[in-house]
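# A closer look at the structure
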Amino acid sequence: MGINGLWMAVAPAASWRALDEFVVTEGFRPCTASGPPQLMRIGFDASLWMHTVCNVFTYNHAGAGESPEIRTIFYRLVTVSQMLLHAHFVFDGPQRPKFKCGKNVKSASHFLTQHFQELISAFGFTWHEAPGEAEAELAKLNTFGIIDAVFSDDSDILMFGASCMDNSLQNKHYCDLVEIYTEDALEHGAHLT
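Below is a summary of the structure that appears in this document.

Definitions and limits used
Residues numbered from 1 in each chain as written. Predicted model: local features only at pLDDT ≥ 70, side-chain atom pairs only at ≥ 80, totals over all residues. Heavy atoms only, no water. Helix = DSSP H or I, 4+ residues; strand = E, 2+ residues; numbered from the N terminus. Buried < 20%, exposed > 50% of the residue type's maximum accessible area, 1.4 Å probe, protein only. Contact = heavy atoms within 4.5 Å. Areas by Shrake-Rupley, 256 points an atom, 1.4 Å probe, with all protein chains shown as cover. Phe/Tyr/Trp six-rings, centres within 6.5 Å; stacked < 30°, edge-to-face > 60°. Arc of directions from axis to C-beta. Salt bridge = Lys/Arg side-chain N within 4 Å of Asp/Glu carboxyl O.

## Side note on the overall build of the chain
Helix and strand counts for the chain come out as 8 helices and 9 strands. Counting over 193 residues, the chain shows a buried share of 44%. Intrachain contacts of the chain at a sequence separation of at least 6 include 66% that bridge at least 24 residues. Total accessible area on the chain stands at roughly 10,700 Å², and carbon and sulfur atoms take up 57% of it.

Shown next, in the form of structure tokens:
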């Protein structure tokens, strides 16, 4: 089954919600006798962010101004910072596959990595580099309850067993609407275990 085939198979399990509304209604845990209020912890695939912003500026890069990729990442971080959530970013690591989906994968760090990590820290978010692929690391963090959900549009995240929120790259405003997949919805809506 190809990537598009997987998304078609899980489509009945998807629910569309505004991310800011989702983190408040589903993720916010009010103050209890045992502790302070807690925000939803969402893991973001940083490598995916870098690749998607670079794709946008493949054409007419010179007409887009200085550092359009970093500027776009900055404004995405502004959007995330305005939501009631704890954001954690994961970058692909040195043991990521050299060959994926029929293509050779660069082993060197992405040219935006250092600046992106500096911005993440400046916003008060956290990040780390995975041993291999960011999607596998995010799924593991989700499975162990370290993060509550994953924000990625890579279907691998579902194969690794994570609950997934898929951002719609067609949206004009980043994070406005996201596709949400939960274990329960995958099992009962798409009949997948």
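Past the structure itself, the notes keep going.
## Re the environment of W7
Counting through the fold element by element, W7 comes out in helix α1 (residues 3-10). Overall, W7 belongs to the buried group, its relative accessible area being 17%. Sequence spacing of W7 and L158 is 151 residues, and the spatial spacing of their C-alpha atoms is 9.6 Å.

## Let's talk about the packing of aromatic side chains
The geometry of two aromatic rings is summed up by the distance between their centres and the angle between their planes. Scanning the model with the defined rule gives 12 aromatic pairs in all. Between the aromatic rings of F74 and Y75, the centroid separation amounts to 5.2 Å while the plane-to-plane angle is 75 degrees, which identifies the pairing as edge-to-face. Ring-pair connections join several aromatic residues into one group, and the members of that group are F44, W49, F74, Y75, F89, F91, F116, F123, F125, W127 and F151.

## Considering helix α2 (residues 19-27)
What α2 keeps buried is the set L19, F22, V23 and G27. Around the axis of α2, the buried residues are gathered within 95 degrees of arc, so they sit on the same side.

## Remarks on helix α5 (residues 113-122)
When α5 is considered as a whole, its buried residues turn out to be T113, F116, Q117, L119 and I120. Within α5, the buried residues cover an arc of 160 degrees as seen down the axis, which keeps them to one side. Facing away from the buried side of α5, by more than 90 degrees, are the exposed residues Q114 and A122. Following α5 by one or two positions, G124 adopts a phi angle in the positive range, close to 85 degrees.

## As for the pattern of salt bridges
Side chains that differ in charge, positive against negative, can pair when their charged atoms come close. Using the criterion set out here, one finds 3 salt bridges in the structure. D148 is the salt-bridge partner of R41, the closest N and O atoms lying 2.7 Å from each other. Placement of the pair is R41 in strand β2 (residues 40-45) and D148 in the loop between α6 (134-143) and β7 (149-151), with a sequence separation of 107 residues. Taking the relative accessible area as the measure of exposure, D148 reaches 25% and is therefore partly exposed. With a shortest N-O distance of 3.6 Å, K140 and E137 are connected by a salt bridge. Remark: E137 and K140 occur in helix α6; sequence separation between them is 3 residues, near one turn of the helix. You can call K140 partly exposed: its relative accessible area is 39%. The class of E137 is buried, set by a relative accessible area of 11%.

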